[in-house]
Amino acid sequence: MPHLLTRSLDRSAALFVLVVAALGVLIPLSNLLLPSGSALQVPTYLVALFGKYACYAVLALSIDLIWGYCGILSLGHGAFFALGGYAMGMYLMRQIGSRGVYGNPILPDFMVFLNYPKLPWYWHGFDMFWFAALMVVLVPGLLAFCFGWLAFRSRVTGVYLSIITQAMTYALLLAFFRNDFGFGGNNGLTDFKDILGFNVQADGTRAALFALSCLLVIVTFLICRAVVTSKLGKVLIAVRDAESRTRFLGYRVESYKLFVFTLSACMAGVAGALYVPQVGIINPSEFAPGNSIEAVIWVAVGGRGTLVGAALGAVVVNYAKTYFTSGPLAPYWLFMLGAMFILVTLLLPKGIVGTFNSWWEPIKARRMSANAESAAAEDGVSEPHMAE
């Protein structure tokens, strides 16, 4: 496996990993070691904000894996992100104990307010971190497996698959809005206190969560690179470009699509789990179909089928969202996002990184050819001339 990961890294991928690793080390150190007010000190609120961007980057990578390399356009991947977030939120709620508003050591505050007689059965076990961590991966993965098995076995593809993924996340949105569903209704889960015994509001905890988010970006990126550069990745690209022909050649297309779809959902769930303690809340709005569509826009802006572009697009678009929604242009952000998507589609159909690659590769090829000719000339080797 280490050999496979090493082999899958080219120069740009290695540079991406190094940059993310450097940010994951330098930003927490700047926040914790430098004095407040220093020009190089990163404030705690920015550490949490950058951690949120890192979680979005993981979500974008998971979408790029299925859309960019397998042609599965999911407009409901925000559902897997939110399910992972709810699994972590349930653990964090159980850690509050008697420190809640109503002082109940077992029931979260919203259950006391809604007169729940006892803790629902599906909340049991979430007082243990290992169980919550297992559910973070298992719940989104199981949903994706069941959904994908039914959809891919029925050979649902294209826009029809996109529509039913959107219907799935909308159904979950409506379900989690219900107060009797046991997940806090429209208010969701919030007022977290501790994670693994550490105060979630402490500077050190936020710095550690950011570092873990960067580590998750690196691990997710390496897994995606290992998949797309392997023989499995070649089959996925074949499915994307010519599914019927790939099936005719004897490949079980449904199995390949199901595997990568489930893997992608698990990645999105882990991203959601790290997202929740950094933002301090998880509610049904995370299931909104608009969030999943926006995540697809991140991938399109950065560059579909590039991985690095997906992560870059997530950071760029969300930074723009943070910047423009905090000023007088806030009411017009959705129009700006739509205009950005249209302009990128028309002017940069391959996205930022894809366009750069298509511009750089010919230059790189000419440079390599010139170097080869120069080396051959120095060695006294020349092409034979044809006899006249």
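For the structure, check the block above.
Quick caveat, the model's predicted, so the values are computed rather than measured.

Basis of the calculations
- Residues numbered from 1 in each chain as written.
- Predicted model: local features only at pLDDT ≥ 70, side-chain atom pairs only at ≥ 80, totals over all residues.
- Heavy atoms only, no water.
- Helix = DSSP H or I, 4+ residues; strand = E, 2+ residues; numbered from the N terminus.
- Rg over C-alpha atoms; globule rule 2.2 N^0.38 Å.
- Buried < 20%, exposed > 50% of the residue type's maximum accessible area, 1.4 Å probe, protein only.
- Contact = heavy atoms within 4.5 Å.
- Phe/Tyr/Trp six-rings, centres within 6.5 Å; stacked < 30°, edge-to-face > 60°.
- Patch = residues over 30% accessible without salt bridge, like charges linked within 9 Å, V, L, I, M, F, W, Y side chains within 5 Å.
- Areas by Shrake-Rupley, 256 points an atom, 1.4 Å probe, with all protein chains shown as cover.
- Salt bridge = Lys/Arg side-chain N within 4 Å of Asp/Glu carboxyl O.
- Core = buried A, V, L, I, M, F, W, Y, C linked by side-chain atoms within 4.5 Å.
- Expected span 1.5 Å × (residues − 1).
- Axes fitted to C-alpha atoms, helices over the stretch in contact; angles between N-to-C directions.
- Parallel < 35°, antiparallel > 145°, perpendicular 65-115°, else oblique.
- Left-handed = near helix turned anticlockwise from the far one by under 90°.

1. Description of the overall build of the protein
For step 1, the next point in the chain: When helices and strands are tallied, the protein shows 15 helices and four strands.
For step 2, the next point in the chain: The C-alpha radius of gyration computed for the protein amounts to 24 Å, which stays within 12% of the reference 21 Å derived for 388 residues, consistent with globular compactness.
For step 3, the next point in the chain: Projected onto the principal axes, the alpha-carbon positions of the protein cover approximately 100 × 60 × 45 Å.
For step 4, the next point in the chain: Taking all 388 residues of the protein together, the buried fraction comes to 46%.
For step 5, the next point in the chain: Sequence-distant contacts, at least 24 apart, represent 77% of the contacts inside the protein between residues at least 6 apart.

2. Examining the packing of aromatic side chains
For step 1, the next point in the chain: Taken as a whole and assessed by the stated rule, the structure comprises 25 aromatic pairs.
For step 2, the next point in the chain: Look at tyrosine 56 and phenylalanine 81: their rings are 6.2 Å apart centre to centre, the planes differ by 35°, and that puts the pair in the tilted class. Remark: phenylalanine 81 occurs in helix 4 (residues 77–94) and tyrosine 56 occurs in helix 3 (residues 44–70); sequence separation between them is 25 residues.
For step 3, the next point in the chain: Overall, tyrosine 56 belongs to the buried group, its relative accessible area being 12%.
For step 4, the next point in the chain: Of the residues examined, phenylalanine 81 reaches a relative accessible area of 4% and is grouped as buried.

3. Here we look at a nonpolar patch on the surface
For step 1, the next point in the chain: A contiguous nonpolar patch, built from Leu312, Val316, Ile342, Leu343, Leu346, Leu347, Leu348 and Ile352 and spanning about 710 Å² of accessible area, is present on the exposed surface.
For step 2, the next point in the chain: Contributing elements (two or more residues each) for the nonpolar patch: helix 13 (308–324) and helix 14 (333–347).
For step 3, the next point in the chain: No other element matches the four residues that helix 14 contributes to the nonpolar patch.
For step 4, the next point in the chain: Mapped onto the fold, valine 316 is located in helix 13.
For step 5, the next point in the chain: Note on valine 316: relative accessible area 35%, which makes it partly exposed.

4. Considerations on the nonpolar core
The nonpolar side chains of a soluble globular protein tend to be buried with one another.
For step 1, the next point in the chain: If you look at the biggest cluster of nonpolar residues, it comprises 105 residues, and the most contacted ones within it are Ile72, Trp123, Leu189, Phe221, Phe261, Phe287 and Trp298.
For step 2, the next point in the chain: Looking at which element gives the most residues to this core, the answer is helix 3, with 15 residues.

5. Notes on helix 13
For step 1, the next point in the chain: Over its 17 residues, helix 13 runs 24 Å from end to end, which matches the ideal 24 Å to within 8%, given 1.5 Å per residue.
For step 2, the next point in the chain: Three or more residues of helix 13 are buried, namely Val308, Gly309, Ala310, Ala311, Gly313, Ala314, Val317, Asn318 and Ala320.

6. Examining the environment of tyrosine 319
For step 1, the next point in the chain: Here tyrosine 319 lies in helix 13.
For step 2, the next point in the chain: Overall, tyrosine 319 belongs to the exposed group, its relative accessible area being 51%.

7. Details of unusual backbone geometry
For step 1, the next point in the chain: A positive phi angle, close to 65°, is found at asparagine 115, a residue other than glycine.
For step 2, the next point in the chain: Relative to the helices and strands, asparagine 115 resides in the loop between helix 5 (109–113) and helix 6 (129–153).
For step 3, the next point in the chain: Of note, the phi angle at leucine 307 is positive, near 65°, even though the residue is not glycine.
For step 4, the next point in the chain: Given a relative accessible area of 0%, leucine 307 falls into the buried group.

8. Remarks on the environment of glycine 185
For step 1, the next point in the chain: Along the chain, the position of glycine 185 falls in the loop between helix 7 (158–176) and strand 1 (189–190).
For step 2, the next point in the chain: Assessed through its relative accessible area of 0%, glycine 185 is described here as buried.
For step 3, the next point in the chain: When neighbours within four sequence positions are excluded, glycine 185 is seen to be in contact with Phe176, Phe177, Arg178, Asn179 and Pro284.

9. Quick look at the packing of helix 4 against helix 11 (residues 253–279)
For step 1, the next point in the chain: Where helix 4 meets helix 11, the axes come as close as 6 Å, and the angle between the chain directions of the two elements is 45°. Classified by the interaxial angle, the pair formed by helix 4 and helix 11 is oblique. Helix-helix and strand crossings are classified by hand; for helix 4 and helix 11 the assignment is right-handed. Every residue of helix 11 that contacts helix 4 at His77, Phe80, Phe81, Gly84, Gly85, Met88, Gly89 and Leu92 is listed here: Phe261, Ser264, Ala265, Ala268, Gly269, Ala271, Gly272, Ala273, Tyr275, Val276 and Pro277.

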